[in-house]
Amino acid sequence: MKTLLLTSAAIAFAATGASAQTTIELQRFFGACDADYGNSTDVDAAVGECGIITTLINRFQEENPEIDVEVTTVEWPGYDQLNAQLASRNAPDVVSMHYSAISDYQSRNLLEPLDDLLAEQGIETSAFTEAALAGVTKDGQIYALPFDNWTMLWHVNLNLMEEAGLVNDDGTPLLPDSTDAFFEQAAQFKEATGKPYLVQIYANETAAYARLFYTFLMQQGVDPFADPSQVDLSTPEASAVAEFMKRIYDEGATTTDMDYPAAVAGFGAGDGGIGINGTWLIGDWAAQSEEEGNALSDGYTVYPLPQLFEGEPATYADGHGWAVPRDPGRSDEERAAIGTLMTFLEENDGAWARTGHLPAVAEVIASEEFQSLPYRDNIAPVAEMGQSLNPEVRRQFAIQDIIGEELNSAIHGTKPVEEALGAAEQRINDLLASL
Amino acid sequence: MAAPHRQSRPSNALFAAPYLVVFVALLVVPLCWGVYLSLQKADLFGLYGYTGWTNYARVLGDALFWQAVRNTVVFVAVTVPVLVAIGLFLGLALNARTRGAAFMRGVYFSSTVLSVTIVTLIWRFVFIPGDGLLSLAFEAMGWPPIGFLSTQGWSLFSVGVATVWWCLGLPMILILAALQQIPGDLYEAAALDNASRWRTFTRVTLPQIRNTLILVATIQIVMQFQLFGQAQLMTNGGPNGTSRPMVLYIYRAAFENWDVGQGAAASELLFLIILVAAMGQFWITNRGNKA
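Residues numbered from 1 in each chain as written. Chains lettered and ligands numbered in written order. Predicted model: local features only at pLDDT ≥ 70, side-chain atom pairs only at ≥ 80, totals over all residues. Heavy atoms only, no water.

As recorded in an unreviewed UniProt entry, chain B goes by Sugar ABC transporter permease and comes from Mesobaculum littorinae. The record held by UniProt for chain B lists under Sequence similarities (unreviewed entry) the comment "Belongs to the binding-protein-dependent transport system permease family." Looking at chain B in UniProt, the text filed under Subcellular location (unreviewed entry) is "Cell membrane". (UniProt positions renumbered as here; feature names shortened; annotations may be inferred.)

The name an unreviewed UniProt entry assigns to chain A is Extracellular solute-binding protein, from the organism Mesobaculum littorinae. For chain A, the Subcellular location (unreviewed entry) comment in UniProt is given as "Periplasm". The Sequence similarities (unreviewed entry) comment attached to chain A in UniProt states, word for word, "Belongs to the bacterial solute-binding protein 1 family."

**Overview of the overall build of chain B**
Assigned secondary structure in chain B consists of 13 helices and two strands. On the principal axes, the C-alpha backbone points of chain B span a range of 80 × 70 × 35 Å. Residues classed as buried in chain B amount to 43% of the 291 residues present. Long-range contacts, defined as pairs at least 24 residues apart, comprise 69% of the intrachain contacts of chain B with a sequence gap of at least 6. If the 17 positive side-chain charges of chain B are averaged to one point and the 10 negative ones to another, these points end up 10 Å apart. (Helix = DSSP H or I, 4+ residues; strand = E, 2+ residues; numbered from the N terminus. Buried < 20%, exposed > 50% of the residue type's maximum accessible area, 1.4 Å probe, protein only. Contact = heavy atoms within 4.5 Å. Lys, Arg positive; Asp, Glu negative; His and termini not counted. Charge placed at Lys NZ, Arg CZ, Asp CG, Glu CD.)

**Some remarks on helix 3 (residues 63–93) of chain B**
Taking 1.5 Å of rise per residue, the 31 residues of helix 3 of chain B would be expected to cover 45 Å, and the 45 Å separating its terminal C-alpha atoms lies within 8% of that figure. Sitting at the head of helix 3 of chain B, D62 of chain B places a side-chain oxygen 3.0 Å from the backbone nitrogen of L64 of chain B. (Expected span 1.5 Å × (residues − 1). Polar contact = N/O pair within 3.5 Å; in protein donor to acceptor, adjacent residues only side chain to side chain.)

**Overview of the interface of chain A and chain B**
Residue-level contacts link 31 residues of chain A with 31 residues of chain B. Interface of chain A and chain B: buried area, both sides summed, is about 2,500 Å²; carbon and sulfur atoms make up 46% of it. Where chain A meets chain B, there are five salt bridges. Note that R108 of chain A and D43 of chain B form a salt bridge whose closest N and O atoms lie 2.7 Å from each other. Here chain A is connected to chain B by 15 residue pairs in polar contact (both at pLDDT 80 or more). The leading source of residues in the side of chain A that touches chain B is helix 20 (residues 396–411) of chain A, at six residues. Here the residues of the side of chain A that touches chain B sort into 13 nonpolar, seven polar and 11 charged. (Buried area = accessible area lost by both parts, 1.4 Å probe. Salt bridge = Lys/Arg side-chain N within 4 Å of Asp/Glu carboxyl O. Nonpolar A, V, L, I, M, F, W, Y, C, P; charged D, E, K, R; others polar.)

**Some thoughts on the packing of aromatic side chains**
Within the structure shown, the criterion is met by 45 aromatic pairs over all chains. Ring geometry for F182 of chain A against F183 of chain A: centres 5.1 Å apart, planes inclined by 90 degrees, an arrangement best described as edge-to-face. Exposure class is identical for F182 of chain A and F183 of chain A. Each is buried. The lysine or arginine in question, R247 of chain A, covers the ring of F183 of chain A, its NZ or CZ lying 3.7 Å from the ring centre. Sitting over the ring of W258 of chain B, R395 of chain A keeps its end group 4.2 Å from the ring centre. (Phe/Tyr/Trp six-rings, centres within 6.5 Å; stacked < 30°, edge-to-face > 60°. Lys NZ or Arg CZ within 6 Å of the ring centre and 35° of its normal.)

**Quick look at the UniProt feature "transmembrane region" (unreviewed entry) in chain B**
All names here are of chain B. This chain's UniProt record puts "transmembrane region" (unreviewed entry) on residues 12–36, 73–94, 106–126, 154–179, 209–228 and 264–284. When the span residues 73–94 is considered, its composition is 95% helix and 0% strand, and the gap between its end C-alpha atoms is 31 Å. The span residues 106–126 is 76% helix and 0% strand, and its two end C-alpha atoms sit 23 Å from each other.

**Quick word on a nonpolar patch on the surface**
On the surface, a cluster of nonpolar side chains totalling about 810 Å² of accessible area is made up of Y19, L20, V22, F23, V24, L26, L27, V28 and V29 of chain B. Mapped onto the elements of the fold, V24 of chain B is located in helix 1 (residues 13–38). (Patch = residues over 30% accessible without salt bridge, like charges linked within 9 Å, V, L, I, M, F, W, Y side chains within 5 Å. Areas by Shrake-Rupley, 256 points an atom, 1.4 Å probe, with all protein chains shown as cover.)

**As for the sheet that holds strand 1 (residues 22–28) of chain A**
Residues and elements named next belong to chain A. Read across the open sheet, the five strands follow the order 2-1-3-12-6; overall the sheet is mixed. Strands with a single pairing partner mark the edges of an open sheet, and in this sheet they are strand 2 (67–73) and strand 6 (145–146). Where strand 3 (residues 94–98) meets strand 12 (residues 320–323), four bridges bridge the pair, whose relative direction is antiparallel. Within strand 12, the position partnered with V95 by the bridge is A323. Helix-sheet contacts for helix 4 (residues 79–87) involve strand 1 and strand 3, and the interaxial angle to strand 3 is about 135 degrees. Relative to strand 1, helix 14 (residues 332–347) is tilted by about 50 degrees, and along the sheet it contacts strand 1, strand 2, strand 3, strand 6 and strand 12. (Pairing = 2+ DSSP bridges. Axes fitted to C-alpha atoms, helices over the stretch in contact; angles between N-to-C directions.)

**Here we look at unusual backbone geometry**
All names here are of chain A. Of the consecutive residues W76 and P77, the connecting peptide bond is found in the cis state with omega at -10 degrees. Relative to the elements of secondary structure, P77 occurs in the loop between strand 2 and helix 4. Positioned with a positive phi, D139 is a non-glycine residue whose angle comes to about 50 degrees. Relative to the helices and strands, D139 is located in the loop between strand 4 (137–138) and strand 5 (141–142). Take D139: its relative accessible area is 71%, and that puts it in the exposed class. For R395, which is not glycine, the phi torsion reads 55 degrees and is therefore positive. One can find R395 in the loop between strand 14 (386–387) and helix 20.

**Let's talk about the UniProt feature "domain: ABC transmembrane type-1" (unreviewed entry) in chain B**
In the numbering used here, UniProt assigns the feature "domain: ABC transmembrane type-1" (unreviewed entry) to residues 69–281 of chain B. Secondary structure within residues 69–281 of chain B divides into 76% helix and 0% strand; the distance between the first and last C-alpha atoms comes to 18 Å.

**Thoughts on the domain arrangement of chain A**
Frequently, the measure chosen for interface size is the accessible area removed from exposure when the parts meet. Residues and elements named next belong to chain A. Under the domain assignment, chain A is made up of domain 1 (22–147 + 319–347) and domain 2 (151–317 + 387–433). Here domain 1 and domain 2 have C-alpha centroids that lie 29 Å from each other. Each partner contributes residues to the interface: domain 1 has 13 residues there, and domain 2 has 14 residues. Counting the surface lost from both domain 1 and domain 2, the interface buries some 1,000 Å², and carbon and sulfur atoms represent 57% of this. Per-residue buried area on domain 1 facing domain 2 is highest for W76, S100 and D104; these three make up 41% of the total on that side. Summed over the shared surface of domain 1 and domain 2, the number is one salt bridge. There are three residue pairs in polar contact (both at pLDDT 80 or more) connecting domain 1 and domain 2. (Domains from an automatic or database assignment.)

**Brief notes about the environment of N211 of chain B**
Residue and element names in this part refer to chain B. Here N211 is to be found in helix 10 (residues 197–225). Residue N211 is classed as exposed on the basis of its relative accessible area, which comes to 55%. Through-space distance from the C-alpha of N211 to that of L270 is 26 Å; in sequence the pair is 59 residues apart.

**Some words on the pattern of salt bridges**
Close approach of charged atoms allows side chains with opposite charge to pair. Taken as a whole and assessed by the stated rule, the structure comprises 17 salt bridges over all chains. With its nearest N and O atoms 2.6 Å apart, the salt bridge here joins E405 of chain A to R244 of chain B. Taken together, the residues span two chains, with E405 of chain A in helix 20 and R244 of chain B in the loop between helix 11 (229–234) and helix 12 (246–256). Here E405 of chain A and R244 of chain B have matching classes, each one buried. The salt bridge partner of R58 of chain B is D259 of chain B, with a shortest N-O separation of 2.9 Å. With R58 of chain B in helix 2 (residues 54–60) and D259 of chain B in the loop between helix 12 and helix 13 (260–290), this pair connects stretches of sequence that are 201 residues apart.

See below:
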């Protein structure tokens, strides 16, 4: 009996030893879609952010059976959870992070600089686009593997635009080139279709308001954070943007009350002509337009947000990267596994670009595969126009919430525009002063 | 001779020790730590020195904090009486030994076992414009749609509806248990005296379950002051902060702005408010009892 027990214990021990794996924890947003892609490794067949990242990680697992990637999916953007994990010294090994959030963590020494790790893997920083590299570089060091650049876009329902007579002879949509032209088109659209011109995210989210606000300020050549420690919203340019956004609402040129999922579904269902939403939806909507019998069938295209103010073309842009929280107890094996994963992600940046995001790897942009993806010509100017906020500005997500909340008040008329901008300025400066 | 069982001995404390240890470790220590934090400049990753009452001054000088206090007080003042009233109504209606009543008790209690995420998801389907249940109903009636989750006033109301639906089970069950404790002979006596149903209700039933009603109200006051998940998930406190409760304010300060000192100061103030409200309610109802 004793021998039997000892033997079985020895077998069990050997079995554990034989399957010894390095486990790394990966935490990301981009949604959960295990029902569709949980077991799929067919990256090419996947659509959308969630589908592509899920199949990519599955593929990585298949190719690297010695590494076990434990994926935790968090509600976008997931920083509250990450903060709690960091505070309790229980952070994941790899985490998805916006370029705009890196300075918060880097300034508190919570992230691992990745220069050495990437160099060991043979990844040269020159491989990345300038915009992507700038997004992840702080104080001369790289704090995340850049994965993409993204921006808000002008997603067009060509079927409705045609109905409204807002297309050129070559079938491309008419894009407004001023705020006046915008309202003329909106009126024409509404008269012809009975629907609002824009489908926007108006409820339960602040990011969309802030991104549009930044874009239209940048279009006027204004940087509200010229001084990263305080914001200036008392400018006539800021008022002009807020007044413009309010007029869109006042004139009924937009859907109202939609939250993010409702706005995505709404544009897909033909609730309006133009969906203002991110690069990440190009893949989904392009796929929808290839199917029969829906509002976008054979009638979808996409452009950068049009230049509506006088100034150089500009649009607010950010990006996603993969950061590595500091962990003094991380083993060499884990570190190597993280390196292998980073290499895999870098090598597959082209697959990720199918979401609609602009690739972070320069080679991918130049590739024929990327160039042949639909609508990429249209949005190519974003590479030149895209601007981020002053990278030294900390708490950009909290600031985004404040701006979104106050603009929401101004747009819905619960506060006069000047009062809302004043309140936003005061709240942001109070926040930045307390850092 | 055996010692009288009421005699107190130091070793008796051992029986209370397991609870006390957990109570001190999980409640008293964090409470004291919270007070300490509220007097510090602190983020989630470190302390940067004693700042005295600065955090309290910042919280008390913040219009958003007072807005959150107002929202929370209004929310408690509306939801708690509604919860007690509907709980009492359901308790009375389902206080029968029939299969149907037992089934319905299960139905009404079932929402309580759901997580806040599921609850808010369900109510999102009801309130969201476009494809939402209410939106479709309004459309069918030819009424203009209301943005329940994004209109000032309606957003807090919507959170309240979801909360009442979610929290109704506990008051109902507690009241039901109390109703079943009422001796039958009291009702017999009332019947012999030819008391009307209303009189029986006000003179027999209500006095008998009075303590339970006080308990239910107190529990609900404490619980509803801590409103958080529903508001965060359904409206994110919007629009314009009109559905932002105090706990969401604290959460924002601590986790989004990383200002743990300010969050802790606001938490201590919330603690005081809940204490005063619960004690006040207890005092008012007890005073009536002794009179």
